[in-house]
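# Notes for the structure review
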Amino acid sequence: PILFVFIYFFNPFVYSRIMIGQVGVLISYLFLPLSIFYIFQFFDTNTKLKPFLKMVLAITLTSLFSIHFFAINFIIFLVSSFWLYFYRNKFSIKNFLTILISFLLLIILLNSFWIQGMFSNPILKTIDSSHEAFFAPKLSNEIPAVAKIMGMYGFWRESSYKSLYNSFGSGIYFLLLGILLILMLSGYYICNDKKSKVFFTLFWIGLIFGTGISHPYTRPFFNSLFNYLPFFNGFRDSHKLVSLVAICYAYFITVFILEVRNKIKPSILKILPIILVSIFIILFTFPLLGSNNQIKPISYPSSYNQINTFLDSKQVSGKIIYLPWQTYLTYNWTIGSSSDGRIAVPINQILKYPVLTGPDAYGAETIENHKITQCLLEKSIQCLEQNSVQFLLLDKCSLYQEENTWITKNNSSLAYSSSCIDVYQLNPAPQELFA
């Protein structure tokens, strides 16, 4: 129904991902109901082959754009197996193990492209407790983290944009959250079948994992999985698991409203409960309406494009690096585009030539980036040249300016200057063929 789609896509979880541009997460979230539909169909048809293949393909499609949803789909599969298979009158452990092994083998085969990429990416090896603490939902405005997760809020960058509780206060938030929970629980008690138990279980899994280390009851469990379960530290941003909470609200509230509508006698009034709950959902996530003027389109300064013309006149044979050596920056031309103007460094979307940019404090660092980082820490032009750096782009429009005067003091050559970027040309050592 349209009401399910509206509740599923108009909520704080979607809002938080829009605000930071996580398109991959949003696309995978878009396909999640499709996975659930085919998982249910598989168990409804007594685990036949054709529904099995459809289920695996649906999960593969959902996981293509965000690998976190591979794990989320696996959680849904296991929960569905518990309620829809083990609670049947006749079941076979042997048959289920065959299904599970076949499921894992086919899923791994179909997703081998990005799975091997995940193993080759060093980021999982670098994630530690400092990442876990940084990305955890935080207490603010007298709202505990668990109460935020219940309301699908609690995203780690939530202080950078508007929310219900920092706009109207904690009292209004708790009032509306109470109504939200009542609507969901009413839908659950109306259904009271095995599929409703699947959704209700997923709600608690999403709530517990989404809260993560931010509550003393969930902290030990989450920490154990984070430290000892392989790949679970990929959920350092535990808020992604709130997608399970969101789909449960959409399902149960839709069931409840349709049940109320069916009991209303005058046909002309049947639309009333749908209108009322739609108004309630809009109020609960009101900043999502046009992003409440929080995000505005911006254009790159023309001086960025001029760098292409300069580099075209040169023989580019070495590496190009970009300073400040960061992944996310705020520029004087991005102020007003969002609450803090912070964007991912855009230089590789503008220049025709590949440019090395600095690693994020909580991101992966390649061997190549690590070597450049060491040179910059040592403030050594010679070190950069030994690592085949030919051009150094210094962005003067960034509001975050590191101490870069050492670049000119060490006989660096300013080859080009524009309103935003100065280009320094070095004398690089030849690049190794297989570096």
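Residues numbered from 1 in each chain as written. Predicted model: local features only at pLDDT ≥ 70, side-chain atom pairs only at ≥ 80, totals over all residues. Heavy atoms only, no water.

### Overview of the overall build of the protein chain
What the protein chain contains, in helices and strands, is 21 helices and 6 strands. Principal-axis analysis of the C-alpha atoms places the extent of the protein chain at approximately 80 × 55 × 40 Å. A burial count over the protein chain gives 47% of its 435 residues as buried. When contacts within the protein chain are restricted to residue pairs at least 6 apart in sequence, those whose partners lie at least 24 apart make up 73%. In the form shown here, the protein chain has an accessible surface area of approximately 21,300 Å², with 63% of it arising from carbon and sulfur atoms. For the protein chain, the distance from the average site of its 31 positive side-chain charges to the average site of its 20 negative ones is 16 Å. (Helix = DSSP H or I, 4+ residues; strand = E, 2+ residues; numbered from the N terminus. Buried < 20%, exposed > 50% of the residue type's maximum accessible area, 1.4 Å probe, protein only. Contact = heavy atoms within 4.5 Å. Areas by Shrake-Rupley, 256 points an atom, 1.4 Å probe, with all protein chains shown as cover. Lys, Arg positive; Asp, Glu negative; His and termini not counted. Charge placed at Lys NZ, Arg CZ, Asp CG, Glu CD.)

### Looking at the environment of Val146
Note that Val146 resides in helix H10 (residues 145–150). Sequence separation of Val146 and Thr334 is 188 residues, and the distance between their C-alpha atoms is 34 Å.

### Here we look at the packing of aromatic side chains
With the rule as written, the count across this model stands at 52 aromatic pairs. Relative to Phe9, the ring of Tyr8 lies with its centre 4.9 Å away and its plane at 75°, an arrangement referred to as edge-to-face. Tyr8 gets classed as buried once you look at its relative accessible area, which sits at 0%. Relative accessible area serves as the criterion here: at 30%, Phe9 is assigned to the partly exposed category. (Phe/Tyr/Trp six-rings, centres within 6.5 Å; stacked < 30°, edge-to-face > 60°.)

### Considerations on the packing of helix H12 (residues 170–191) against helix H15 (residues 242–263)
Where H12 contacts H15, the axes come no closer than 7 Å and their chain directions differ by 70°. Relative to H15, the element H12 is oriented roughly perpendicular. For the pair H12 and H15, contact is made by Leu177, Leu180, Leu181, Leu183, Met184, Ser186, Gly187, Tyr188, Ile190 and Cys191 and by Cys248, Tyr249, Tyr251, Phe252, Ile253, Val255, Phe256 and Glu259, respectively. Counted by class, the contact of H12 with H15 contains 15 nonpolar, 2 polar and 1 charged residues. (Axes fitted to C-alpha atoms, helices over the stretch in contact; angles between N-to-C directions. Parallel < 35°, antiparallel > 145°, perpendicular 65-115°, else oblique. Nonpolar A, V, L, I, M, F, W, Y, C, P; charged D, E, K, R; others polar.)

### A closer look at unusual backbone geometry
A cis amide bond, omega 5°, links Leu323 with the succeeding residue Pro324. With respect to the helices and strands, the residue Pro324 is situated in the loop between strand E1 (319–323) and strand E2 (328–330). Even without glycine at this site, Glu142 takes up a positive phi of about 65°. Assignment of secondary structure puts Glu142 in the loop between helix H9 (129–135) and H10.

### Points about helix H1 (residues 2–9)
Taken as a whole, H1 has its buried residues at Leu3, Phe4, Ile7 and Tyr8. For H1, the angular spread of the buried residues around the axis is 130°, confining them to a single face. In this fold, the buried residues of H1 make contact with helix H2 (12–19), helix H3 (23–44), H15 and helix H16 (272–284). (Arc of directions from axis to C-beta.)

### Here we look at the pairing of strand E5 (residues 413–417)
Bridge count between E5 and strand E6 (residues 421–425): 4 bridges; the pairing is antiparallel. Within E6, the position partnered with Ser417 by the bridge is Asp422. The hairpin turn running from E5 into E6, its antiparallel successor, is 3 residues long. (Pairing = 2+ DSSP bridges.)

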